[in-house]
Structures are given as structure tokens and as C-alpha cells.
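# Examination of the molecular architecture
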2 protein chains.
Amino acid sequence: MYDMNMELQFHSGKRLYEQIYEHIRDEIRGGKLFGGERLPSTRALAEYLQISRSTVDYAYGQLLSEGYIEARPCRGYFVCRVEELSMGKNGAGEPDGPVEVVSLEEGGSVSERAPSDILYDFSPNGLDMSAFPFGVWKKITKNILNESNRELFALGEPQGDLDLRRTISRYLHASRGVECAPEQIVVGAGNDYLLMLLEKILGRHVGIAMENPTYKRAFNIFRSFSYRIEIVEMDESGMEVDKLRAKDVKAAYVMPSHQFPTGITMPIGRRMELLKWAGEEEERFLIEDDYDSEFRYKGKPIPALQGADTMGKVIYIGTFSKVIAPAIRISFMVLPPRLLKRYREECYFYSSTVSRIDQRILNEFIRDGYFERYLNKTRKLYREKHELLLQELAPFAERFKISGENAGLHLVLTCLDSGAREEELIGKAAERGVKVYGLSDALVGDAPLQRGATLLLGYGGLNKPEISEGIQKLKQALL
Amino acid sequence: MYDMNMELQFHSGKRLYEQIYEHIRDEIRGGKLFGGERLPSTRALAEYLQISRSTVDYAYGQLLSEGYIEARPCRGYFVCRVEELSMGKNGAGEPDGPVEVVSLEEGGSVSERAPSDILYDFSPNGLDMSAFPFGVWKKITKNILNESNRELFALGEPQGDLDLRRTISRYLHASRGVECAPEQIVVGAGNDYLLMLLEKILGRHVGIAMENPTYKRAFNIFRSFSYRIEIVEMDESGMEVDKLRAKDVKAAYVMPSHQFPTGITMPIGRRMELLKWAGEEEERFLIEDDYDSEFRYKGKPIPALQGADTMGKVIYIGTFSKVIAPAIRISFMVLPPRLLKRYREECYFYSSTVSRIDQRILNEFIRDGYFERYLNKTRKLYREKHELLLQELAPFAERFKISGENAGLHLVLTCLDSGAREEELIGKAAERGVKVYGLSDALVGDAPLQRGATLLLGYGGLNKPEISEGIQKLKQALL
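Residues numbered from 1 in each chain as written. Chains lettered and ligands numbered in written order. Predicted model: local features only at pLDDT ≥ 70, side-chain atom pairs only at ≥ 80, totals over all residues. Heavy atoms only, no water.

## Some remarks on the sheet that holds strand β6 (residues 228–231) of chain B
Residue and element names in this part refer to chain B. Applied cut-off: Note: two strands are recorded as paired if DSSP finds a minimum of 2 bridges between them. By definition, any uninterrupted DSSP run of H or I lasting at least four residues is a helix, any uninterrupted run of E lasting at least two residues is a strand, and each is numbered from the N terminus. For helices, the fitted axis covers only the stretch in contact; all axes are lines through C-alpha atoms, and the angles between them, taken along N-to-C directions, range from 0 to 180 degrees.
The strand order across the open sheet formed by seven strands is β4-β12-β11-β10-β9-β5-β6, and the pairing between neighbours is mixed. Looking along the sheet, the strands with just one partner apiece sit at the ends: β4 (185–188) and β6. Recorded for the sheet is a direction-independent mean angle of 20° between the axes of neighbouring strands. Here four bridges tie strand β10 (residues 285–289) to strand β11 (residues 314–319), and the two strands are oriented parallel to one another. When the sheet's bridge partners are listed, Ile287 is paired in β11 with Ile315.

Shown next, in the form of C-alpha cells:
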């Protein structure tokens, strides 16, 4: 429960309920209180603040009506899980995964976007941090600061500290089959930043091929560059290489391990075709976003495309924001030699965006085996949720095709009735308090969806009872 | 002294001196050992490792000959202050101040760039971190991690956490006369990143006016954008506004508090002219880089240009990397309302590049008064060095005009002999073991220097005896 550290001004001229309302509203907006967090009961807060309960009631009423919080019968008041409040700030948000992009003026009312009756949010961005070893993280941090590490306060290398790059290189080799020297790794504060850097390396005004649907966040970032984005159709194996060949592009952005949002794992044949395409010209590259490759439930782990690349064609991008915690603003990219040279020549003056202290903490967290242990625990958690969700969804087989079930943190439900409309399905679910997401959100360009109405159900941010309850409600809504 | 944590492999087949050599070389390259740091004596290291002293001698000899370390008579072995080793990694390096940009392949020999006879490096980038309250920083970090702040591991707001933005806004108001709401502040991981973000906000292919000489790092960054850089002449008050008016540019980049490298403080008249220029068209802006405004020795502190702007024309950029520590990868920019709107509309999907934990540490460091105290101590330190340097430079008045003496961390010496050449003066100083820097390094475009040979003497990274000794040597070289 939220630790209330509110101080009321009894003689400020501002009414007490307003002070409480503003304090909590600001805590929500400022990200101190986040989606799903329980507020103190009105009685507890009134007692704590030594004021009348009706004053707290009034403040909560205001927050309710504006959509900042919601009341759950017999359970109390909770902060709404509204990503749009301030963009992925809620606990389930994550920076380098897909996020619906909404620009909202600070101070704007959120009531329209925060229906207070959403009880189960199947956001594909949801993460489960319950297994995160806060204690270990604290211990490592303390030890690092306790040593006489004055040099940690100096500026590090532009590419990131060598120790961390070595650790990442070993980790990538062992777990993802990525072959790279530490020299090829560039560490940066998040995928967005690394893509900005990549813009400088690949050059301006280049064409980039993307699948459709695709990871909308990457699309928005490329669009904000001076890039010409070419949409390439995809089939059940991913981007179609003959269609790609018809486009004048320098690079193709793909997610071979687990395409977002379709969940497709690109088979080896398609991978080789893509590599062949890239090999046909010196200045052709593949951008491999391996955003959630850690989570795979069926079959052997599939090595990264990068590992099959013998010609220096793949730019591999990975992040610790998704597998450790969104606040860990550490991503990395692996540059092929040709682009590494260009980076060194043209971008090496950009200072590192990650503090050496944070790099060192992460390095020890991985090096000393805590990362592997955490990952195993998290995989187990997600696997259990994943199996539960699949099991609960069994009755849906009569009306939906379920796919994307081998990896990642969401499932894909495609409606078998050709007449069904996505918005309609989403609306019906919302009426029962369940938030599901449409695949159409991930469409780019003008082409309409080439398949039946399709829903995305993420399960990372919900616990098991919530998944079961949510799917029961969804059944009432859709079956 | 460096804490040697070397472990020798006695049966690895690799010779012991090679292991020692490689270990120390990697520590230097990796930034663990940094410029100016003293190595253990050969006897101490031999004793510690339980090997013969001649083995250590041999390893040190190799490092000496490759330019990684230097021997100072009667004082021992020191890591070379070679910024080029891995770009500003040495203790004196700093990310958001002027850095000579050299791209060097990792693993390349550095012997040419590291003459082992440089004893006194008057780098304008030198910083003195001796007063940095490491203990306080550790205490704040521990307290933050000890509280049950799980939400700190969630993703923060794209602009930076509201608490920190409030604190920065108050600080800017009180110390720099900057008028802004927390909503206008965008926090980011370093100036370089913020300029990359600004590129997205200002638009592509725009013209940017810069003074000449100017801050080369900003020049290189703008050049790496799709920007057309227009060089505008400057007089003794800074950028000449009538010359600026002749250029087709959207923004002018200036450092009104303390121009780098000339040290000019822009008078109020010129500031008003610049604001008037910007006011003449809706889409004209001034980029105010207030990089070292904290350090002023004469006269009243001069408020930022931003504070005089009533029309929303100034983009103010500041950093904590220079005033706290280079590793603190936290800079900020203040956007005028028109550009804030564009940022919210077009760039709000870029995730924050600074972890919430780091933001919170900085917030408490400032909020609880530690920053102010540290700043006062550092100001005192720099003032003492500054006065000492001026005093030691008194005999130079016969041959040099000394300027830029009111603020910042370097002085400017312009040679009165019209025949003198910068490289010659720098070479003569180097022969005496003194490294000074030429103003020409900060020239952009093709125009030659419009003044006599000019040297920059930074004093941040040297202690007082070093300043006195260095200037005595410089006197022998140049007078």
C-alpha cells in the first residue's frame, strides 16, 4: 500500500479536500503512485491526517470522477491503470516494448480515457516484477558505492564500459547465439536513444522497410527521423523477401524471434532469404529487434538472426528494460564491422548516456549470476500465467484462432467470424470490465487488416486470479 | 593510489610481465585507471604479487614505451592524462564541456599521442572533484534504495520526474534568473542527447547560426544532424546581430554567460538585440548553452538570457555533469511554450533516458542543500586556483593579453607579437612538459583566426602546486 507522506496546511486558505485531491493527483501524474496501487481507506487516511472522514471522501470522489482512481467493491480504492496518464508510467508500463502512443497535455483531464470500470487490463506491455531481487540490487549498489570508486564519477567510454560490454558479449553468445566482440557493442540509455544514434550511423534520408503490423513505437521513431518508411507485406513466416526486393531501402526492421504483434517466429528459411537480400548490396542491413526473446515456452530457444549472419549485415538491438526493470535505462546494440567503423568515425564524440555507476551495477548483477536466476524465476512466472491463460481460453476455440503462443508475453486471438469488428469486440469486453487490445493498433500505413478481427491479450501485468477472473468476464462478453 | 586487484595465472603459459602489462593496459583503456592516477611502486607491486621486481619493471617499461603511463622523477609512475586514449575518460574529462574530438580505434597504439613528458596539462576540460561529497551521495542512494520504492523501478515520465523538474525550476529561478514552469523542463542523459531531441523539435534541414570560434562539440553534433551551419562573425560582445540578420537561419547557438573559448560575457545590449532578432519571426529561436555559468569570480552573477526573454524565444540548456560530476548523466533543457507544444505532439513517445533512481538521488541532493554547499566549496576552490593562476601569469603581461578572467575554468592568453604562431607556442610549452591548448582548435569553417596566436589555459584539473610549477615552466618556454 502507498505510504502516505502528505502534509496538510491548515491555515493556507486552500481547502483540505483540495489539498488531498491535488496531492494524490500529483503523485499519480508524477508517477509516484502507479496503476493498480491501492490507496489507504478513507478511514485510515482520515485517522492518519487527523481530519474528518468526509473530507477524505470528498477528495476521493473528485479523483474518482476525474478518472484517476477507481473503487473496487469490497477491496477499496485503486489508482487506475491508465497508460495514457503519463505514458507508460504505471507499473505495467515498459519503455522499450510496444506502447500505444498518446500525447496528453499535462494537466489535461483524463476522465474520457480512464473508465473507472476496467478491472482487468490485458495490456501487452504488462510486466511482472514480483520476483525482482530488490535486496540484491541494493546490496550491489551499496558495495559499489562503498568501495573507493571515485573514478566511477568520471565520464565513461562513449560505447559503454568495457567490463559491461564484455559481460553482455558473453551473455549474448551463451543465451542468444549472437557472435560479437565487446568492441561491437554500444550501450545506451534505452532503445529510442540507440535508434537515434543509428540514424546518424546509417545516414539520413534512407529507406527503411517495416512489416505490417509492426512495433508501432519503432515506426513512430523512424517516422520522426528523416526516413522514408516502406511497408512490406508479411505472410505467416514474416516479411516477404520478394516484396522487400521491390523496395528501394537500405535496411529492414524485423523481430525474428517473436514478431510484435503477430507473435510469428521467423523460420530459418526466411531468415536466410533476408540475409541473402542484405548481402546483395554493400549498403544493405537488417535491424534485428530482439525485444522479448528471453521468454519462450515451446521448443528450443531460437538463436538470434545475428548469429547466422556471416557477412556483417545485422544490427542487433536488445534491452534490459524489459527483462530486468523499465527503470534500468540500459539497452545495447551490436554493430557489424562496417557500421562500427562509421560509428567510430562519425559518432564517437557522442558521450555515453548511461552513468558508470549504473553500468557497474548491471555488470555485477549479470556477472555474479543474479540475472540468470532472476530470469529463470521470471520465466517460470510467465510460463505459469501463459499456461493458465491458454487453459482458460480453451472455450474460445469455437470462435477464435489462438496464435503467438510459443513465446513472449501476449497471445493473439483472431476471430473466425469474418463479420466481426475489432472495436466491437473490444467494446463488449470493456462493458464487462476487461481491457483487451486490437491488432489494428499496430497497423501502419493505409492498408486495412488482412485478417479477421484480432485481439492481443497480454498477461505480464496480471496475477493468476486476475487472469482467471478476467477471462471468465471475457467469455461472458465474447462467447 | 590504485587498488591493485590483479590475479596472476602462474601456469597459464602467458608470461607474468605480459599479464601485468595487459591487466594495467586494459584497466587504463577500460577507464578503471584514469589520467593522473598514481600506480603502485614497482617494489610495492612486486611484494604484493609475490614476484620479482624486475618482472614488474619490465611490464611498466612496456607501458611506458607505449605511452600508457609516465614516470615522474622522485614521484613514481602515473597514468598518462591522455584524453584520446578513450575520449574524455580521464578524471579531468567531462562530457558536456568542450572536448577535442579525436576518433581512435580501440587497441590502437597511443604512443604518438601520449608524450610521456607532459607533466602539467592545462586542459580547459579539467574539473576538480576533490570537494565532491561522496559520503552524502552514498547516504542518499542508500536511503532511497532502503525505502520500499518499488515504483522507482518503473518507467518515469518522458520529460523526467516532476519532483526533479520542480527542484530544477526553483534552482534555475534562484541562481540563474531563468523563468520556467516544471512543465517546460525536459531532463535527459547529457547535452548531446538533448540536442538530438532538439533536432526532432526544431525540424530537419534548418539553418543554425554559430559564433566562430565556438564550442566545437556542439558544432560537431549539429554537423552530424541534417543542419546547415552558418558561421556568424563575433566582436568583443559576441555574435554580431547585423551579420546574423543576413543569414537564413532558424536558430542561433550562443553561450551568453561565458562564451567558449573566448570567455566573453555577452552584455545586455547585445542580448536584447539577439532577442529582438528572434522576435522578428515566429520560427526563430536562440539556443542558450549555459555550460559553466556557476563559476563567476568578478562582479554580480549575470542572469541567463532566458530570463530576459518575454516572447518565448530561448531554449535554455544546462547540465549537472560539469557542476557535480561527469558521471552524473543528467542535463536538462527549458523549452519555450511553442516548442514545448511541438515536443509534446511529436517527441513525447521518446522514453526518458535517465533512470528514476538517479533522478531521485539528484533531486534530494539539490533539495536538501548539499548541491549548494558543494557548489560553494567548488567555487572557492576554483577561485583560489584562478587567482593563483592570474598571479603567476603576471609576468606574461609583457607578451600576452590576458582575458576571459571573470568566469569559467580557463583563461585566454593572446600573444601581442603579431608574428607568433599558435603551434609554435604550444610546441615550446610541450618541450618544457606543459600542455596548453590553442584557440584555433575551436575555430569552425575556413576563416583563419582573426586575432594573434591565442592560448587557452584551463586550471580545473590541476592542484595549486601544479599550477605554480606549470606556469614557471611555461615562463621558461614562452617569455
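Let us keep going from here.
## Thoughts on the packing of aromatic side chains
What counts is decided by this rule: For this analysis, a ring pair means two rings from Phe, Tyr or Trp (six-membered ring only for Trp) whose centres lie within 6.5 Å, classed as stacked if their planes differ by under 30 degrees, edge-to-face if by over 60, and tilted for the remaining angles. Note on classification: 1.4 Å probe, protein chains only; a residue is buried when its accessible area is under 20% of the maximum for its type, exposed when over 50%, partly exposed between these limits. Two limits define a charge over a ring: the Lys NZ or Arg CZ must be within 6 Å of the ring centre, and within 35 degrees of the ring normal.
One pass over the full model with this rule turns up 47 aromatic pairs over all chains. For the ring pair A:Phe260 and A:Tyr291, a centre distance of 6.3 Å and an interplane angle of 85° mean the geometry is edge-to-face. Separated by 31 residues along the polypeptide, A:Phe260 in the loop between β9 (251–254) and α9 (268–279) and A:Tyr291 in the loop between β10 (285–289) and β11 (314–319) bring together distant segments of the chain. In this structure, A:Phe260 and A:Tyr291 share a single accessibility class: buried. An aromatic cluster is built from A:Phe132, A:Phe134, A:Trp137, A:Tyr171, A:Tyr316, A:Phe320, A:Phe332, A:Phe365, A:Tyr370, A:Phe371 and A:Tyr374, whose rings are joined through pairwise contacts. Across the ring face of B:Phe285, the terminal group of B:Lys313 is positioned such that the distance to the ring centre comes to 5.0 Å.

## Focus on helix α12 (residues 370–392) of chain B
Residues and elements named next belong to chain B. For clarity, the cut-off: Between the first and last residue of a helix there are one fewer steps than residues, each counted as 1.5 Å, and that sum is the expected span. Whether two residues are in contact is decided by their heavy atoms: any pair within 4.5 Å suffices.
Here α12 contains 23 residues, and its C-alpha end-to-end distance of 33 Å stays within 8% of the 33 Å for a straight helix at 1.5 Å per residue. By the burial criterion, the buried members of α12 are Tyr370, Phe371, Tyr374, Leu375, Thr378, Tyr382, Lys385, His386, Leu388, Leu389 and Glu392. Buried residues along α12 sit against α4 (134–146), α5 (162–176), α11 (356–367), β14 (410–415), β17 (454–458) and α14 (464–478).

## Overview of the nonpolar core
Spelled out, the test is: Among the buried residues, those of types Ala, Val, Leu, Ile, Met, Phe, Trp, Tyr and Cys that are joined through side-chain atoms within 4.5 Å form a nonpolar core.
Counting 142 residues, the largest nonpolar core has A:Phe153, A:Phe320, A:Ile324, B:Phe153, B:Phe320 and B:Ile324 as its most contacted members. Formed by 86 residues, the second largest nonpolar core is a distinct cluster that contains A:Leu194, A:Tyr437, B:Ile315 and B:Met333.

## Side note on the interface of chain B and chain A
Quoted interface sizes are often the accessible area lost when the parts come together. Put simply, the rule is: Buried area: the accessible area, evaluated with a 1.4 Å probe, that two parts lose upon being put together, summed over both parts. Any carboxyl oxygen of Asp or Glu within 4 Å of a side-chain nitrogen of Lys or Arg constitutes a salt bridge here. Within 3.5 Å is the distance limit for a polar contact, defined as a pair of N or O atoms, with the added protein rule that one can donate a hydrogen and the other accept it, and that residues adjacent in sequence qualify only through two side-chain atoms.
Taken together, the 78 residues of chain B in the interface contact 77 residues of chain A. Buried area between chain B and chain A, summed over both chains or domains, comes out near 6,800 Å², and the portion from carbon and sulfur atoms is 57%. At the junction of chain B and chain A, the tally comes to four salt bridges. The closest approach of N and O atoms between B:Glu199 and A:Lys200, which form a salt bridge, is 2.7 Å. At the boundary of chain B and chain A, one finds 19 residue pairs in polar contact (both at pLDDT 80 or more).

## Side note on the environment of A:Asp192
Here A:Asp192 is to be found in helix α6 (residues 191–202). Placed 59 residues apart in sequence, A:Asp192 and A:Ala251 show a C-alpha to C-alpha distance of 17 Å. A polar contact of 2.8 Å, which involves the side chain of A:Asp192, links it to the backbone nitrogen of B:Ser351.

## Points about the domain arrangement of chain A
Residues and elements named next belong to chain A. Here is the rule we go by: Just so you know, the domain bounds were taken from an automatic or database domain assignment.
Under the domain assignment used here, chain A contains domain 1 (16–85), domain 2 (104–133 + 372–478) and domain 3 (147–368). Here domain 2 and domain 3 have C-alpha centroids that lie 27 Å from each other. With 31 residues of domain 2 in contact, the opposing surface of domain 3 contributes 27 residues. Approximately 2,600 Å² of surface area, both sides summed, lies buried where domain 2 meets domain 3, with 63% of it carried by carbon and sulfur atoms. Per-residue buried area on domain 2 facing domain 3 is highest for Asn406, Ala442 and Val444; these three make up 22% of the total on that side. The interface formed by domain 2 and domain 3 includes one salt bridge.

## Remarks on unusual backbone geometry
Geometrically, the link from A:Phe260 to A:Pro261 is a cis peptide bond, its omega value of 5° lying close to zero. Secondary-structure assignment places A:Pro261 in the loop between β9 and α9. The linkage connecting B:Asn212 with the following residue, B:Pro213, adopts the cis geometry, with an omega of 0°. The phi angle at A:His205 is positive, at roughly 60°, despite the residue not being glycine.

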